[in-house]
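# Tertiary structure, described
Residues per chain are reported as follows:
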Amino acid sequence: MHLPTRPVWAEIDTKALGFNVAQFRRRLAGGAGLMAVVKADGYGHGALPAARTALAHGAGSLGVAFPEEGAELRRAGVAAPIVVLGGLVPEQLELCAAKELAVSVFQWDAAVALSGRARRLNKTVRVHVKVDTGMGRLGLHPNEAAAFVRRAGGLPHLDVQGVFTHFASADEQGEYYQWQLQRVRHVLRDLENEGLRVRVRHCANTAATLFDESSHLDLVRVGLGLYGLYPNEQRPLELQPAFSLRAKLAAVRLVPPGTAVSYGSTFVTWKQTHIGVVPIGYADGADRRLGGRGAVLIQGRRCPIVGKVCMDHIMVDLGDMDVSPGTEVVLIGSQDSGRITVDDWADWLGTINYEIPCMISKRVERVYV
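So, here is what we can say about the structure in this document. (Residues numbered from 1 in each chain as written. Predicted model: local features only at pLDDT ≥ 70, side-chain atom pairs only at ≥ 80, totals over all residues. Heavy atoms only, no water.)

Time to look at the nonpolar core. Of all hydrophobic cores here, the largest spans 117 residues; its most connected members are L245 and W345. For this core, the leading source of residues is helix 8 (residues 175–193), giving six residues. Dropping the residues within four chain positions of it, W345 is found in contact with L245, G285, A286, L290, L331, I332, I340, I356 and I360. Counting residues in each nonpolar core, the second largest holds seven residues, with V255, I275, V277 and V306 among its members. (Core = buried A, V, L, I, M, F, W, Y, C linked by side-chain atoms within 4.5 Å. Buried < 20%, exposed > 50% of the residue type's maximum accessible area, 1.4 Å probe, protein only. Helix = DSSP H or I, 4+ residues; strand = E, 2+ residues; numbered from the N terminus. Contact = heavy atoms within 4.5 Å.)

Strand order in the closed barrel formed by eight strands is 2-3-4-5-6-7-8-9, and the pairing between neighbours is parallel. Here the average twist between neighbouring strands, direction ignored, is 30 degrees. As paired elements, strand 2 (residues 33–37) and strand 9 (residues 219–222) share four bridges and run parallel to each other. Each residue of the ladder has a partner; that of G33, found in strand 9, is L219. Taken strand by strand, helix 7 (residues 145–153) contacts strand 5 (102–105), strand 6 (125–130) and strand 7 (158–164), and its axis lies near 160 degrees from that of strand 7. (Pairing = 2+ DSSP bridges. Axes fitted to C-alpha atoms, helices over the stretch in contact; angles between N-to-C directions.)

With that settled, consider the pattern of salt bridges. It is possible for side chains of opposite charge to pair when their charged atoms get near one another. If you walk through the whole model with that rule in mind, you get 13 salt bridges. The salt bridge partner of K123 is E100, with a shortest N-O separation of 3.2 Å. Taken together, the residues K123 in the loop between helix 6 (108–120) and strand 6 and E100 in the loop between helix 5 (93–98) and strand 5 connect sequence positions 23 residues apart. K123 gets classed as partly exposed once you look at its relative accessible area, which sits at 24%. (Salt bridge = Lys/Arg side-chain N within 4 Å of Asp/Glu carboxyl O.)

Quick look at the structure:
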């Protein structure tokens, strides 16, 4: 395994990614296909390696948030179907047509403009009509969906391939989710009543894919689960986390009682102890709130992060561990019998696990194993 010269790196387990895709494929109902969502640089794992791995293990298409993400994959040689799931501005429409990206459409002016750009490039652009069934973000009102599909289907150089929506709380499977699902069914019924045949109907994210087979329809969109993370505490499917974060100790100091550590002297040692300096900081995504809350693994033992997190360093209390600079530090992942997870970080920072790998910055090189 190649390690970067800087002693901080994120390890991405491509075998875990492949395993997770295979697990979801086995779970799919009614012959549904699987879209691997690789937006936000593959949730911080690397969009291109995640895309290639997912496709190699049976994903049929890729989901991105913006056309620029799709264009980057095309430039790298990815030929699989790519769907832009987010909204667009006019300046992005030509890129979608040129790079043969399927486009989320829910505004008539955008559909007309896309048709015109596709005509000038002599291309046919696939579109997926987005319906807002309760997310309150982007999409048509459900009552407008059938008419929009019919009108869009009449525009030259557009192929209305799909209709989709997004759930606001599929991880809870409560009344609101059921209400949204009912609205999805009404939209699909309206399309059938109008004699409108749409080839790809999709609404299931990772949570819905895990917890409700009735939502699978023609396609599921798996993002979080692809990377081995779960949307809540339930574990209906075995997944393997693909992300770990590692470093090497930059320095170790034996300090007496009463030693202040880091900015503001917010932590003061109460006994003689070893303080380790790890060369990662908030510029790398090690959030300042980890100070006094988080921990790292050294020789399998949890060592608390003490003092304020700096831009480029954190300090950890090693206690009586007399280890040398260069010793491996695990910030996320396993070491010996110890383990620190993405969910641990999310708990320490008061956020969700989705955010953690995304926040680890480009300063941290990704190493693929």
